[in-house]
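Commentary on secondary and tertiary structure
Letter by letter, the chains look like this.
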Amino acid sequence: SASGKIIAGFALATLAFAQIILFYLTYLPYFFGKASDDTQAPLENYLQRSKLDPTLEELTGNPPVGSISCPPPLIPIYDRVVNQYGLPPRKIPRNIHVSMKDRCMPPDIVDATHAWKEAFPYHSFYFHDDKAVDKLFALEWKEFPHLNKFMK
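Described in the following lines is the structure provided in the data block. Owing to the predicted nature of the structure, the values given are computational and were not obtained by experimental measurement. (Residues numbered from 1 in each chain as written. Predicted model: local features only at pLDDT ≥ 70, side-chain atom pairs only at ≥ 80, totals over all residues. Heavy atoms only, no water.)

**Focus: the overall build of the protein chain**
Broken down by element type, the protein chain carries six helices and four strands. Counting from the amino terminus, helix and strand elements in the protein chain follow one another as α-α-α-β-β-β-α-β-α-α. Residue burial in the protein chain is summarised as follows: out of 152 residues, 36% are buried. Intrachain contacts of the protein chain at a sequence separation of at least 6 include 76% that bridge at least 24 residues. Carbon and sulfur atoms provide 64% of the accessible area of the protein chain, an area that totals close to 9,600 Å². (Helix = DSSP H or I, 4+ residues; strand = E, 2+ residues; numbered from the N terminus. Buried < 20%, exposed > 50% of the residue type's maximum accessible area, 1.4 Å probe, protein only. Contact = heavy atoms within 4.5 Å. Areas by Shrake-Rupley, 256 points an atom, 1.4 Å probe, with all protein chains shown as cover.)

**Overview of the packing of aromatic side chains**
This model, assessed by the stated rule, comprises one aromatic pair. On the numbers, 5.6 Å between centres and 25° between planes, the contact of Trp 116 with Phe 120 is stacked. Take Trp 116: its relative accessible area is 47%, and that puts it in the partly exposed class. Judged by relative accessible area, which is 33%, Phe 120 ranks as partly exposed. (Phe/Tyr/Trp six-rings, centres within 6.5 Å; stacked < 30°, edge-to-face > 60°.)

**Some points on the pattern of salt bridges**
Applying the stated rule across the entire model yields two salt bridges. For the salt bridge of Lys 101 with Asp 130, the shortest nitrogen-to-oxygen distance reads 3.0 Å. Within this pair, whereas Lys 101 is found in the loop between strand S2 (95-99) and strand S3 (104-105), its partner Asp 130 is found in helix H5 (residues 130-138), the two being separated by 29 residues in sequence. Given the relative accessible area of 32%, Asp 130 is considered partly exposed. (Salt bridge = Lys/Arg side-chain N within 4 Å of Asp/Glu carboxyl O.)

**Digging into the side chain of Thr 113**
Locating Thr 113 in the fold gives a position in helix H4 (residues 107-119). Residue class for Thr 113 comes out buried when judged on its relative accessible area of 7%. Polar side-chain contacts of Thr 113 include one of 2.8 Å to the backbone oxygen of Val 110. Residues within four places of Thr 113 in sequence aside, it is in contact with Ile 77 and Phe 125. (Polar contact = N/O pair within 3.5 Å; in protein donor to acceptor, adjacent residues only side chain to side chain.)

**A short note on the state of the cysteines**
The final tally for this structure, using the stated rule, is one disulfide. A disulfide bridge connects Cys 70 with Cys 104, and the sulfur atoms are separated by 2.1 Å. Taking the sign of the S-S torsion, -80° for the link of Cys 70 and Cys 104, the bridge is left-handed. Of this pair, Cys 70 sits in the loop between helix H3 (56-60) and strand S1 (75-76) while Cys 104 sits in strand S3, placing them 34 residues apart in sequence. With a relative accessible area of 18%, Cys 70 lands in the buried category. Look at Cys 104 and you get buried, because its relative accessible area is 12%. (Disulfide = S-S within 2.5 Å.)

**Overview of the environment of Phe 137**
Examined against the element boundaries, Phe 137 turns out to sit in helix H5. Look at Phe 137 and you get buried, because its relative accessible area is 5%. As a C-alpha pair, Phe 137 and Lys 149 span twelve residues in sequence and 9.9 Å in three-dimensional space.

**Observations concerning the nonpolar core**
Judged by nonpolar contacts, Leu 56, Leu 59, Tyr 126, Val 133, Leu 136, Phe 137, Leu 139, Trp 141 and Leu 147 together constitute the single largest core of nine residues. For this core, the secondary-structure elements that each account for two or more residues are H3 and H5. Here the element with the most residues in this core is H5; it accounts for three residues. (Core = buried A, V, L, I, M, F, W, Y, C linked by side-chain atoms within 4.5 Å.)

**Considerations on unusual backbone geometry**
Cis rather than trans, the peptide bond between Pro 72 and Pro 73 has omega equal to 5°. Within the secondary structure layout, Pro 73 lies in the loop between H3 and S1. Positive phi, close to 35°, is recorded for Asn 62, a residue that is not glycine. Mapping Asn 62 onto the fold places it in the loop between H3 and S1. Since its relative accessible area comes to 28%, Asn 62 is described here as partly exposed.

Shown next as structure tokens:
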């Protein structure tokens, strides 16, 4: 129906907007030379603007492995946080962000995410479900002063 297409379109637009914000937070400071040389967790440091803001792990929920139960044939996806200490410094953070509606995924999507994890063993892998995106949008962003108003 028309209303279903509108809702689906809005959901896709919301997801795309969340990915734009994550891209902005990840790379824009590097383009303008405002990023620190701290290679431990540059995105997390940029995200954590104050003691009140969540860390990246708190934002994604980062559930313990084995704590999610999914109906068959779906399989749960978990974050992988890699300690960056001792790795050579670089301007682009070693973080991979994936965003989907839920952490319960079909096997082919899980296989694809595992392939990314295997291809990039020194990268952290953060999964952003709808709850994580809602947490992100609930934060106050000086760069996007009207975000909360428009997302309600």
